[in-house]
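# Chains, contacts and geometry: an overview
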Amino acid sequence: MADYYYQGYCPRTGQHYRLPRTAMARAIAQSLMTQLGDVYAIEGKMFGVLVVQSPEGQTGVLKAFSGLWQGRERVPGWVPPIPGRDEVALQEARTLNALEAIKDRLLVLQRLPERETYGRLQEEQAEARQVLNQRHRDRKQARDLQRQTLASNLTGDALAEALAALEQESRGDKAELRQFKQRWGDRLAPLEVTIQSADTEIAALRQQRRALSRQLQAEMHAAYTLTNFAGESLAIQNLAAQGNLPTGTGDCCAPKLLHAAAQHGLVPLAMAEFWWGAPQGDKQPGEFYRACAERCQPIMGFLLSGLSAQVLGAAKLPVGAQHAAPLQPSQAGDIQPELGIPVLYQDPWMIAVDKPAGLLSVPGRYRDRQDSVLTRLRLTLPEGAFLQPVHRLDQDTSGVLLLALDAETHRQLGQQFEHRQVQKTYQAIAVGHVFESSGIIDLPLWGDPTQRPRQQVNWQHGKPSQTKFEVLGREGVLTRIAFYPLTGRTHQLRVHAAQGLNAPIWGDRLYGYSEPGQRLHLHAQSLQFAHPHSQDVVLLNSAVPF
């Protein structure tokens, strides 16, 4: 069973192709993780496996790593890099050395001691100016009082002479301020000249860095040649939709694996990519990842081109078919093989799908997190058509996800969720002994901004959060639980299980413990609500996969 599809439209044929990530591919990848062990854990890197079939019908496995591994591009037993890298190796080395020199120079310019001195002097100037301003204000107030007293006690020349003396004191304060500014200006001016000169050089170096990177990118894309299963070979630069692909395109696992299979006449059956080694950004060891949005996804259609529909289940579609008409209820099943998302219900106003674990509900912030339920379903709608999720499920949670097909339906369903008129049921397997058979967990949750995306129980800042639960069964240290959330906070069930029941959900890497490649055992089993147009009760169910 597939939990994700590598897919794309070939720009030359208009054919849509897909390659599944199956349980077999994941199992092979997990076996490779075991072989890699901890010896390579220092260098975090993306690895991939491709299950292939030879012309004789034999099944085998290709494996690849992204970029360089321990400074090497070729390692025995692993798929070699895309042809063409050797042609630009010398220029690449020179450019990388030049970029490194620019980086070092930028660090020197950004860390000039004059910057620290300038900042310190500015602080001293501000403090001294504050003292001077206060002294001048005090003097002015005193002079104002003296003028009032003099006006009451003196007249004629005596008053004029006294007021003139006060005016002289005022001019003295203004002269003192000018001297203050001149004195500090003399101290800061040389530093400002040095810093301005450094900033000018920094701007020039950054422009030079961009130019070198673009030049290297163009040379690499012109030299790198990819081969697909139709026997076509094209330079990467000819595959860019707008002539703009980032540096490193072709160095990822997926292009390496598919190119090697095509060159050797092997038919791909399934593929899986995973991160192994030290964490980096949102990449965690043992986690499976999709084709990266910037480097791999734009060329995926060409790489898969030429494979038969019998192998990959591809459907012949005209160019632009990604904007085909929306499916009607009777056709709902047709979307499943194309997008890897089973449709549970669809009518003219809404669609409910069975979201697989590991797939985002909506696209993430970064380009390598664009694959989602929303992204895939939009491929079935006319351009500009309305489609919005009414609620969301965590990436690691599977089950019923409801989306609206028009703004009014979205508004009405959203109100039902907001007013807690929707009945939600989840099933989970927790690790630990839950002694109560049922109850309510009432723990306020707060998203600590320093530990995103983790949530924590916080009695001072947390928002009210309640969850009903019912124990369905026990087996050893595992407890099957039904959860009925009364509120809808981020990670509510996961935190309530871990801290409210002292039994984290099995496979929860944030609030419990997860083995590499293990899924979160949390499933959105059902939703019940009133249809916003007919007012009939709608009950959506999804079979629990564990």
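Residues numbered from 1 in each chain as written. Predicted model: local features only at pLDDT ≥ 70, side-chain atom pairs only at ≥ 80, totals over all residues. Heavy atoms only, no water.

An unreviewed UniProt entry lists the chain under the name RNA pseudouridylate synthase, from Phormidium tenue NIES-30.

## Quick notes on the overall build of the chain
Secondary structure summary: the chain contains 11 helices and 20 strands in total. By residue count, 44% of the 546 residues in the chain fall in the buried class. Residue pairs in contact within the chain that sit at least 24 positions apart in sequence constitute 66% of those at least 6 positions apart. Within the structure as shown, the chain displays about 28,100 Å² of accessible surface, and the carbon and sulfur contribution to it stands at 51%. (Helix = DSSP H or I, 4+ residues; strand = E, 2+ residues; numbered from the N terminus. Buried < 20%, exposed > 50% of the residue type's maximum accessible area, 1.4 Å probe, protein only. Contact = heavy atoms within 4.5 Å. Areas by Shrake-Rupley, 256 points an atom, 1.4 Å probe, with all protein chains shown as cover.)

## Quick word on the sheet that holds strand β7 (residues 267-276)
Sheet strands line up and pair through hydrogen bonds in the backbone, either parallel or antiparallel. The antiparallel open sheet is built from four strands, whose spatial order is β4-β3-β7-β8. Here the strands that pair on one side only, and so sit at the sheet edges, are β4 (59-65) and β8 (288-289). Taken together, the nine bridges between strand β3 (residues 45-53) and β7 define a ladder with antiparallel strand orientation. Counted as the bridge partner of Val51 is Ala270 from β7. In the packing of helix α1 (residues 23-36) onto the sheet, contacts are made with β3, β4, β7 and β8, and the angle to β7 comes to roughly 45°. (Pairing = 2+ DSSP bridges. Axes fitted to C-alpha atoms, helices over the stretch in contact; angles between N-to-C directions.)

## Some points on unusual backbone geometry
Backbone geometry places Arg420, a non-glycine residue, at a positive phi of 60°. Residue placement: Arg420 occurs in the loop between α10 (407-418) and β13 (423-431). Among the residues examined, Arg420 registers a relative accessible area of 51% and is labelled exposed.

## What to know about the packing of helix α5 (residues 253-263) against helix α6 (residues 297-304)
The geometry of α5 relative to α6 is characterised by a closest axis approach of 10 Å and an angle of 10° between their N-to-C directions. With respect to α6, the axis of α5 lies roughly parallel. Contacts between α5 and α6 pair Ala254, Pro255 and Leu258 from the former with Ile299, Met300, Leu303 and Leu304 from the latter. (Parallel < 35°, antiparallel > 145°, perpendicular 65-115°, else oblique.)

## Looking at α10
For α10, spanning 12 residues, the distance from its first C-alpha to its last is 16 Å, which sits close to the expected 16 Å at 1.5 Å a residue. Along α10, the residues classified as buried are Thr409, Leu413, Gln416 and Phe417. Take α10 and look down its axis: the buried residues cluster within an arc of 100°, on one side only. Contacts from the buried residues of α10 go to β10 (350-355), β12 (398-404), β13 and β19 (522-530). With a side-chain oxygen lying 3.1 Å from the backbone nitrogen of Glu408, the N-terminal cap of α10 falls on Asp406. Just beyond α10, the residue with positive phi is Arg420, at close to 60°. (Expected span 1.5 Å × (residues − 1). Arc of directions from axis to C-beta. Polar contact = N/O pair within 3.5 Å; in protein donor to acceptor, adjacent residues only side chain to side chain.)

## Structural notes on the nonpolar core
Ranked by internal contacts, the top residues of the largest apolar core, which has 37 residues, are Leu50, Leu62, Leu257, Leu258, Met271 and Met300. Elements supplying a minimum of two residues to this core: β1 (2-9), β2 (16-22), β3, β4, α5, β7 and α6. Broken down by element, this core gets its largest block of residues, seven residues, from α5. Filtering out sequence-adjacent residues up to four positions away, Met271 remains in contact with Tyr6, Leu19, Pro20, Arg21, Ala25, Val49, Leu50, Ala254, Leu257 and Leu258. (Core = buried A, V, L, I, M, F, W, Y, C linked by side-chain atoms within 4.5 Å.)

## A word on the pairing of strand β9 (residues 343-346)
Of the strand pairs in this sheet, β9 and β10 are connected by three bridges, and their pairing is antiparallel. For Val343, the partnering residue across the bridge sits in β10 and is Val353. Turn length for the β9-β10 hairpin, with the two strands adjacent in sequence and antiparallel, is three residues.

## Re α6
Across the eight residues of α6, six count as buried, placing the element largely inside the fold. Taken as a whole, α6 has its buried residues at Ile299, Met300, Gly301, Phe302, Leu303 and Leu304. Of the surrounding elements, those touching the buried residues of α6 are β1, β2, β5 (225-227), β6 (233-235) and α5. Within two residues after α6, Gly306 carries a phi angle of roughly 105°, on the positive side.

## Some words on the environment of His521
Mapped onto the elements, His521 comes out in the loop between α11 (492-500) and β19. For His521 and Ile505, which are 16 residues apart along the polypeptide, the C-alpha to C-alpha distance reads 6.3 Å. Beyond its immediate stretch of four places on either side in the chain, His521 contacts Gln427, Ala428, Ile429, Ile505, Trp506 and Phe546. Within the structure, the side chain of His521 is placed 3.2 Å from the backbone oxygen of Arg519, a separation counted as a polar contact.

## Things to note about the side chain of Arg18
Looking at the secondary structure, you find Arg18 in strand β2. Of the residues examined, Arg18 reaches a relative accessible area of 9% and is grouped as buried. At 3.1 Å, the side chain of Arg18 forms a polar contact with the side chain of Tyr5.

## Observations concerning the environment of Ser233
Positionally, Ser233 belongs in strand β6. In this structure Ser233 comes out as partly exposed when scored by relative accessible area, which is 43%. Once the C-alpha coordinates of Ser233 and His259 are considered, the two residues, 26 residues apart in sequence, prove to be 9.6 Å apart. Residues within four places of Ser233 in sequence aside, it is in contact with Thr225, Leu226 and Thr227. Only 2.8 Å separates the side chain of Ser233 from the side chain of Thr227, close enough to count as a polar contact.

## Notes on the confidence of the model for the chain
The predicted model of the chain has a mean per-residue pLDDT of 84, with 86% of residues at 70 or higher. Highest mean pLDDT in the chain belongs to β12 (95); lowest belongs to helix α7 (residues 309-312) (40). Counted against residues more than four places away or in other chains, residues 309-338, with its pLDDT under 50, gives 65 contacts. (pLDDT = per-residue confidence, 0-100.)

## A word on the packing of aromatic side chains
For the structure shown, the criterion picks out nine aromatic pairs. With a centroid separation of 5.8 Å and an interplanar angle of 55°, the aromatic rings of Phe47 and Trp78 are classed as tilted. Separated by 31 residues along the polypeptide, Phe47 in strand β3 and Trp78 in the loop between β4 and α2 (89-110) bring together distant segments of the chain. One exposure class covers both Phe47 and Trp78, and it is buried. Pairwise contacts between aromatic rings join Phe47, Phe65, Trp69, Trp78, Phe274 and Phe288 into one cluster. The side chain of Lys63 reaches across the aromatic face of Trp78, ending 4.6 Å from its centre. When the ring centre of Tyr289 is taken as reference, the NZ or CZ atom of Lys283 above it lies at 5.2 Å. (Phe/Tyr/Trp six-rings, centres within 6.5 Å; stacked < 30°, edge-to-face > 60°. Lys NZ or Arg CZ within 6 Å of the ring centre and 35° of its normal.)

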